[in-house]
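Here is what each chain is made of, one letter per residue.
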Amino acid sequence: MSVEPTEYVARLRAQAGDPGREEALRRDRTIRRRKIALAAGAGVLVLGGFGFWLADVTGERPPYEPFGAATVREEIWPLEWPYSVDMPFRNSPATGWAEGADGIYVPGALPSGGFTAEDITAVLEDVRTLLAETSVSERTLAGAEPTAALALLDARGVGDGVRKDMVTRFDPEEVYLDESGIRTRGSMRYEVSAAGELVVHTDYTFVYPLVWTRGHEVLPGVPEVSRVSVRRQMTVTAKGGKLVLGAYASEVGNHDCSAPKDGRLHPLTAEGRWKAARAAEGALVDPYEEQRVLPSGPGHCVTPTRT
């Protein structure tokens, strides 16, 4: 049975305030500290100061490392803990977004500036095809070239860097798309310019839940999910049956910015995300802040406040 986003958020808030949650976490912390104290005491008896060193280095876990995940329901896990295949969109606004290409909405067209409604709709559908085949097609995500979609663009106005950046790909030997699917949200609008040309503006964010092919389990048998967000703002003009790219900007969050530029995105685990946030020199970015205008140009890699 589907759950409305508002009901889902309300349920999470109620569960977050559940006194049982804090009690379960407190109980696990108490048990763990007792074990550490016993280990430290044994160390004192056997190796003297080694026990104090052991207690010091193991006294606190990093915030991304669950200490009682098996005893607490995942929907009320702390924000810092990893996401899992059981709840790949936990704590994400993208929970209630449309899935995949369903989130790429084509606005209704009206005759304007000498263009018929059919003319305008045809161009809008081409733009939708371009976005869908380069951003949510599972074949493309796994490495295939969206040749037909890219052929809609006038290649003379698209450099190699932008052309590669417009396509989202992952390394299938590293991660694969979780069965819950991609979440998509954004807008598309059109206008007829002063020059009498049909111009289309798009601004879409895609959130990808990715499962690691090996290792990175939250619990035994429960793989970790890493979410990557990609936002693209684009303006195209319809000319001679092609889409001529104008302004273009893109931003990716929770990608390893230090990874080789191999045309693929490489997600960060919860541990990697925490370390990146600690090491970030610039301000952290909220990828869900829809009113924020991206800096011009492709491939801006940012450290997100959340994914």
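See the structure above.
Only a predicted model underlies this, so the values are computations on that prediction, with no experimental measurement involved. (Residues numbered from 1 in each chain as written. Predicted model: local features only at pLDDT ≥ 70, side-chain atom pairs only at ≥ 80, totals over all residues. Heavy atoms only, no water.)

Visitor: Please clarify how the pattern of salt bridges should be interpreted in this entry.
Guide: Pairs may arise between side chains of opposite charge once their charged atoms sit close together. Applying the stated criterion across every chain, the model contains 11 salt bridges. The partner of Arg73 in a salt bridge is Glu75, with the nearest N and O atoms 3.4 Å apart. For Lys275, the salt bridge identified is with Glu271, shortest N-O distance 2.7 Å. Taken as a pair, Lys275 and Glu271 lie in helix α8 (residues 270-279) at a separation of four residues, close to a single helical turn. Residue class for Lys275 comes out partly exposed when judged on its relative accessible area of 43%. (Salt bridge = Lys/Arg side-chain N within 4 Å of Asp/Glu carboxyl O. Helix = DSSP H or I, 4+ residues; strand = E, 2+ residues; numbered from the N terminus. Buried < 20%, exposed > 50% of the residue type's maximum accessible area, 1.4 Å probe, protein only.)

Visitor: How should I be thinking about the pairing of strand β4 (residues 183-192) in this particular structure?
Guide: Strand residues, when the strand is regular, have side chains that alternate between the two faces of the sheet. In this sheet, β4 lies alongside strand β2 (residues 98-99) in antiparallel orientation, the contact comprising two bridges. Considered in β4, the bridge of Glu99 is made with Arg183. In this structure, β4 lies alongside strand β5 (residues 198-212), joined through 10 bridges in antiparallel fashion. The residue of β5 that forms the bridge with Met188 is Thr202. As consecutive antiparallel partners, β4 and β5 are separated by five residues, and within that stretch Gly196 has a phi angle of approximately 80°, a positive value. (Pairing = 2+ DSSP bridges.)

Visitor: When you look at the state of the cysteines in this model, what are you seeing that I'm missing?
Guide: What makes a disulfide is a covalent bond joining the sulfur atoms belonging to two cysteines. Following the criterion strictly, the structure yields one disulfide and no others. The disulfide partner of Cys257 is Cys301, and the S-S distance across this bridge is 2.0 Å. Residues Cys257 and Cys301 are joined through a disulfide that is left-handed, its torsion about the S-S bond being -85°. Of this pair, Cys257 sits in the loop between β8 (242-253) and α8 while Cys301 sits in strand β9 (residues 297-302), and the two are 44 residues apart along the sequence. Since its relative accessible area comes to 41%, Cys257 is described here as partly exposed. A relative accessible area of 28% means that Cys301 is categorised as partly exposed. (Disulfide = S-S within 2.5 Å.)

Visitor: I'm lost on the pairing of β5 in this one. Help?
Guide: With 15 of its 15 residues buried, β5 lies for the most part within the structure. By the bridge criterion, three bridges tie strand β3 (residues 175-177) to β5 in an arrangement that is antiparallel. Across the sheet, residue Val175 finds its bridge partner in β5, namely Trp212. Two elements, β5 and strand β7 (residues 222-239), share 13 bridges in a ladder whose sense is antiparallel. The residue of β7 that forms the bridge with Tyr208 is Val228.

Visitor: Even after reading the chapter, I still don't get helix α4 (residues 117-135), so can you show me in this structure?
Guide: Turn by turn, an α-helix covers 3.6 residues, leaving residues three or four places apart pointing in a common direction. The end-to-end C-alpha separation of α4 is 27 Å, in line with the 27 Å expected for 19 residues at 1.5 Å each. Taken residue by residue, α4 has Ala117, Ile120, Val123, Leu124, Val127, Leu130, Leu131, Ala132, Thr134 and Ser135 as its buried positions. The inward-facing, buried residues of α4 contact α5 (138-141), α6 (147-150), β4, β5, β7 and β8. (Expected span 1.5 Å × (residues − 1). Contact = heavy atoms within 4.5 Å.)

Visitor: Any chance you could explain the layout of surface pockets here in plain terms?
Guide: Summary: where empty space remains is shown by rolling a probe the size of a single water molecule over the atoms. Within this model, the largest pocket holds a volume of roughly 530 Å³. Asp165, Gly263, Arg264, Leu265 and Gly299 are the residues nearest the centre of the largest pocket, which is lined by 25 residues in total. Among the secondary structure elements, those contributing two or more residues to the lining of the largest pocket are α7 (160-165), β7, β8 and β9. Ranked by the residues each element gives to the lining of the largest pocket, the list is headed by β9, at four residues. Its residues assigned to classes, the lining of the largest pocket comprises nine nonpolar, seven polar and nine charged. When its volume is computed, the second largest pocket comes out at roughly 360 Å³. In terms of lining, the second largest pocket is formed by 14 residues, of which the most central are Leu79, Glu80, Arg273, Thr305 and Arg306. (1 Å grid on protein atoms, 1.4 Å probe; cavity = no way out; pocket = protein on both sides within 12 Å on 5 of 7 lines; lining within 4 Å. Points joined across faces, edges and corners; volume = space filled by probe spheres on them. Nonpolar A, V, L, I, M, F, W, Y, C, P; charged D, E, K, R; others polar.)

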